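Topology and contacts: notes
Chain by chain, the residues run as shown.
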Number of protein chains: 2
Amino acid sequence: MSFRGVENVIVGNLRTLMDAGPLEKLVGKEISPNGDKLAVYSGPRESTITIRSYANELDCRELESEWANTMGNGCKTVTLPAIKRGNQLNVYYVTSDERLTEYDIDGKVVDVRSEFQHIEIVHSKTFGNMLVLDGLPNLALSDLVYTESIMCRGKEDFKGKEILILRGGDGALLNELRKEDPKKVIMVEIDDMVMQACKTYLRSVCGDSLDNYQGDNYQVCFINGDYCRGLHCHMEKWKAEGKTFDYVISDLTDISITKKPSGGIWDFIVKIIDMSFSVLSPNGKYLTHATGSSNDGALKCFDYILETQLDRPVTFTKTNAFVPSFLEDWVFYQIELKKV
Amino acid sequence: MSFRGVENVIVGNLRTLMDAGPLEKLVGKEISPNGDKLAVYSGPRESTITIRSYANELDCRELESEWANTMGNGCKTVTLPAIKRGNQLNVYYVTSDERLTEYDIDGKVVDVRSEFQHIEIVHSKTFGNMLVLDGLPNLALSDLVYTESIMCRGKEDFKGKEILILRGGDGALLNELRKEDPKKVIMVEIDDMVMQACKTYLRSVCGDSLDNYQGDNYQVCFINGDYCRGLHCHMEKWKAEGKTFDYVISDLTDISITKKPSGGIWDFIVKIIDMSFSVLSPNGKYLTHATGSSNDGALKCFDYILETQLDRPVTFTKTNAFVPSFLEDWVFYQIELKKV
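The rules behind these values
Residues numbered from 1 in each chain as written. Chains lettered and ligands numbered in written order. Predicted model: local features only at pLDDT ≥ 70, side-chain atom pairs only at ≥ 80, totals over all residues. Heavy atoms only, no water. Contact = heavy atoms within 4.5 Å. Buried area = accessible area lost by both parts, 1.4 Å probe. Salt bridge = Lys/Arg side-chain N within 4 Å of Asp/Glu carboxyl O. Polar contact = N/O pair within 3.5 Å; in protein donor to acceptor, adjacent residues only side chain to side chain. Helix = DSSP H or I, 4+ residues; strand = E, 2+ residues; numbered from the N terminus. Nonpolar A, V, L, I, M, F, W, Y, C, P; charged D, E, K, R; others polar. UniProt positions renumbered as here; feature names shortened; annotations may be inferred. Phe/Tyr/Trp six-rings, centres within 6.5 Å; stacked < 30°, edge-to-face > 60°. Lys NZ or Arg CZ within 6 Å of the ring centre and 35° of its normal. Least-squares fit on C-alpha atoms with pLDDT ≥ 70 in both. Pairing = 2+ DSSP bridges. Axes fitted to C-alpha atoms, helices over the stretch in contact; angles between N-to-C directions. Parallel < 35°, antiparallel > 145°, perpendicular 65-115°, else oblique. Left-handed = near helix turned anticlockwise from the far one by under 90°. Buried < 20%, exposed > 50% of the residue type's maximum accessible area, 1.4 Å probe, protein only. pLDDT = per-residue confidence, 0-100. Domains from an automatic or database assignment.

1. As for the interface of chain B and chain A
Between chain B and chain A, the residue contacts involve 52 residues of the former and 52 residues of the latter. Contact between chain B and chain A buries roughly 4,300 Å² in total, counting both sides, with carbon and sulfur atoms accounting for 61%. Taken together, the connections running from chain B to chain A amount to 4 salt bridges. In this structure, the connection of chain B to chain A is made through 14 residue pairs in polar contact (both at pLDDT 80 or more). Of all the secondary structure elements, the ones that give two or more residues to the side of chain B that touches chain A are helix H1 (3-17), strand E1 (24-30), strand E2 (37-43), strand E3 (47-52), helix H2 (60-71), strand E4 (92-94) and strand E5 (100-102) of chain B. Residue contributions to the side of chain B that touches chain A peak at 5 residues, all from H2 of chain B. The class makeup of the residues in the side of chain B that touches chain A is 22 nonpolar, 12 polar and 18 charged.

2. Observations concerning the UniProt feature "active site" (unreviewed entry) in chain A
Residue and element names in this part refer to chain A. Under the UniProt annotation, the feature "active site" (unreviewed entry) is placed at Asp 251. Relative to the assigned elements, Asp 251 resides in strand E14 (residues 245-251). Once residues within four sequence positions are removed from consideration, Asp 251 is found in contact with Tyr 146, Ile 150, Leu 166, Arg 167, Gly 168, Asp 170, Leu 173 and His 289. Among the polar contacts listed, one links the side chain of Asp 251 to the side chain of Tyr 146, at a separation of 2.6 Å.

3. Let's talk about the packing of aromatic side chains
Inspection of the entire model under this criterion finds 27 aromatic pairs over all chains. By way of ring pairs, the aromatic residues Tyr 93, Tyr 103, Phe 127 and Phe 322 of chain A together with Tyr 93, Tyr 103, Phe 127 and Phe 322 of chain B are connected into one cluster. Over the ring of Phe 245 of chain A we find Lys 243 of chain A, and its NZ or CZ is 5.1 Å from the ring centre.

4. Quick notes on the relation of the copies chain B and chain A
For these two chain copies, the linking operation is a rotation about an axis paired with a shift along it. Relative to chain A, chain B is turned by 180 degrees and slid 0.2 Å along the rotation axis, the superposed coordinates differing by an RMSD of 0.3 Å. Classification of the inter-copy transformation places it as that of a two-fold axis. In terms of proximity to the rotation axis, the leading residue of chain B is Thr 101 of chain B, whose C-alpha is 2.1 Å off the axis. The residues that chain B uses at the interface reappear at the interface of chain A in 100% of cases, marking a shared surface.

5. Side note on the sheet that holds strand E8 (residues 128-133) of chain B
All names here are of chain B. Taking strand neighbours across the sheet as the criterion, the 4 strands line up as E6-E7-E8-E9 in an open arrangement whose pairing is antiparallel. With partners counted over all chains shown, the strands left at the sheet margins are strand E6 (105-113) and strand E9 (136-140), one partner each. Mean inter-strand twist for the sheet, computed between neighbouring axes without regard to direction, equals 25 degrees. With 6 bridges connecting them, strand E7 (residues 118-124) and E8 associate as antiparallel partners. Looking across to E8, one finds that Ile 121 is bridged to Leu 131. Across the sheet, helix H5 (residues 192-201) is in contact with E6, E7 and E8; its angle to E7 comes to roughly 20 degrees.

6. Details of the pairing of strand E6 (residues 105-113) of chain A
Residues and elements named next belong to chain A. In this sheet, strand E7 (residues 118-124) lies alongside E6 in antiparallel orientation, the contact comprising 7 bridges. What sits directly across from Asp 111, in E7, is Glu 120. A loop of 4 residues connects E6 with E7, the two strands running antiparallel in sequence.

7. Some remarks on the packing of helix H8 (residues 264-279) of chain A against helix H9 (residues 296-308) of chain A
Residue and element names in this part refer to chain A. Taken N-terminus to C-terminus, the directions of H8 and H9 make an angle of 45 degrees; their axes are 11 Å apart at the nearest point. On the basis of their axis angle, the class for H8 and H9 is oblique. When the axes of H8 and H9 are compared, the crossing they make is right-handed. On the side of H8, the interface is formed by Trp 266, Ile 269, Val 270 and Ile 273, while H9 contributes Ala 298, Cys 301, Phe 302, Ile 305 and Leu 306. Its residues assigned to classes, the contact of H8 with H9 comprises 9 nonpolar, no polar and no charged.

8. Topic: the side chain of Asn 217 of chain A
Note that Asn 217 of chain A resides in the loop between strand E12 (214-215) and strand E13 (218-222). Here Asn 217 of chain A falls in the buried class, since its relative accessible area comes to 15%.

9. With respect to the side chain of Ser 149 of chain A
Along the chain, Ser 149 of chain A falls in helix H3 (residues 144-150). Residue contacts for Ser 149 of chain A: discarding those within four places in its chain leaves Ala 321 and Phe 332 of chain A.

10. Details of the sheet that holds strand E9 (residues 136-140) of chain A
Residue and element names in this part refer to chain A. Spatial strand order, E6-E7-E8-E9: 4 strands in an open sheet with antiparallel pairing. In this open sheet, the two edge strands, each paired with only one partner strand, are E6 and E9. Taken pair by pair, the neighbouring strands of this sheet meet at an average axis angle of 25 degrees, ignoring direction. For strand E8 (residues 128-133) and E9, the ladder comprises 4 bridges, and the chain directions are antiparallel. Note that in E9 the partner of Leu 131 across the bridge is Leu 139.

11. Concerning the confidence of the model for chain A
Summary statistics for chain A give a mean pLDDT of 89 and a share of 89% for residues scoring 70 or more. Interface confidence in the predicted complex, given as ipTM, is 0.80; pTM for the same model is 0.82.

12. Re the domain arrangement of chain A
It is common to give the size of an interface as the accessible area lost on bringing the parts into contact. Residues and elements named next belong to chain A. Split by domain assignment, chain A resolves into domain 1 (3-71), domain 2 (92-139) and domain 3 (141-337). One C-alpha centre belongs to domain 2, the other to domain 3, and the line joining them spans 21 Å. Roughly 2,200 Å² of surface becomes buried between domain 2 and domain 3 when both sides are summed, with 66% attributable to carbon and sulfur atoms. It is Ser 96, Phe 127 and Leu 139 in domain 2 that bury the most area against domain 3; as a group they hold 33% of the surface buried on that side. Counting across the domain 2 and domain 3 interface gives 0 salt bridges. Taken together, the links from domain 2 to domain 3 amount to 11 residue pairs in polar contact (both at pLDDT 80 or more). Going through the elements one at a time, E6, E7, E8 and E9 are the ones with two or more residues in the side of domain 2 that touches domain 3. No other element matches the 5 residues that E8 contributes to the side of domain 2 that touches domain 3. Taken together, the residues of the side of domain 2 that touches domain 3 break down into 13 nonpolar, 8 polar and 4 charged.

Spelled out as structure tokens, the structure:
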């Protein structure tokens, strides 16, 4: 397609979108003997659109070298790979502290939208299949350390114990806990589509744990609608039966990156923790993941929340582990009732 | 500074650089009632320069949401953090397979240029102090797994052995090998400035191993000028003395990312390996790191080089480990003479 053809397609699409006002063409010319062309438009809401064709390839390293030589020691240059736009496969994910990272994604095996979230399973050459929920990496085949860290494997003894998992639809926690000979593991999920996807494509992580909704020593329960409300119903039932848990392990959302310890996600987390302690035995523990260890502000907020906002006084410890597919060092909390 | 002032500074600097031809101003106007301004120039070598001021902050997520709503299900959008330009501290590094990654760099403690390379030690919240040579991350406080992988700790027995380290100026290999009770470790370096920097700022990695150039069971030798030529001199001396090594451990450059197994870096690597086997005992091993495990092309080349280009037939094995500060899974080779 000619440059004029490309320009017409882009401008035509933009006119459809920019219904708030006209596009004004500011420049349209050939800018070199090689035939490089340039068109610049201004549009509504202070937008500018630049369309540029290059007759020759641009050697960035050569250009960087020329700049550095010309400008001397006062010049700092950094040459970075171009951002890849318009690929079929997205290769970029953002860390919990908003840093840009490019992954070696070379395929996608699941791309569906459930009632609750966008579910993708992509393939990374390094990390294997990766579960991505609403654009956030959740767990990959490489991440056993995440599961072992959240459950504190090696430090906690799950033999003969009653365990409640909140979410965990990838089946990893359920699978690893079953190996520890517990009395019973109950997993409360909201999204069966995640489980169906992971059963096939993250099988080395979940094993056969998602093949059936129950087995000798485990059961998967579902919640319809609001997670807090649904969990509350289950808990009222367990309390009426006199049932208590030795562990509640929460694989829910990351903690908020905001610095204010109130609102939205914090209220949700406080509710979940308070409810959990209402069914935990007196020596029971609430184990959870939190966020990246660089996220000082969010971690300080979570500490504050735990120290001041819960129904019952608690004490807590923290551990760290570098989770490969997150490309981040991640923080895990272990919370129990304060001993009098 | 006003927009016109900024424009004048930029254009003034560019006129100094662009000695090959004039800059032509194509556009200079206010493009919104808010006062957003735009100037566009074309310059020599088909360059275009766009200078843009924004009166209001741009809410990218709101914009992404509007695009997605307007274009419907046919639209895929990805919102990424902006590339941070012009910071005092560079936060971007590029993986061995040319992927862009943003680090949590919050300080720099060393920034010097030796005769051989640009030496920086920066601080990452996650990885601690990181040695960066010519813009490439080399080793951080978080990376014991790199050192243990290159030396195959736990699989190789270094007690009473003669070991030669090629480069290794961060002192990590020397420090870990000394703990294994070897007979003697000789390290051949080229750049004392790296050692001086690491002695202070990567101390938990090198311990006291760089405090002196020799000790009971180790010695650091220096090479002036060309590494191959200098190493050759040392080797001729050792061969004349009848000295052999049980291990040569190479912490030299990464293998090339080119797909052609010839030229530049490959010729250097072949020379180094051939020289090393000339001083290795018959059962001796050459241990080295290679590149990221995503770098299929380079790894295939290295295999081909080892199978066809060396003076002596060899066999080799490979191991992998995820190196935290590289944000990559890295490949390590263990090479020995083919047994007849």
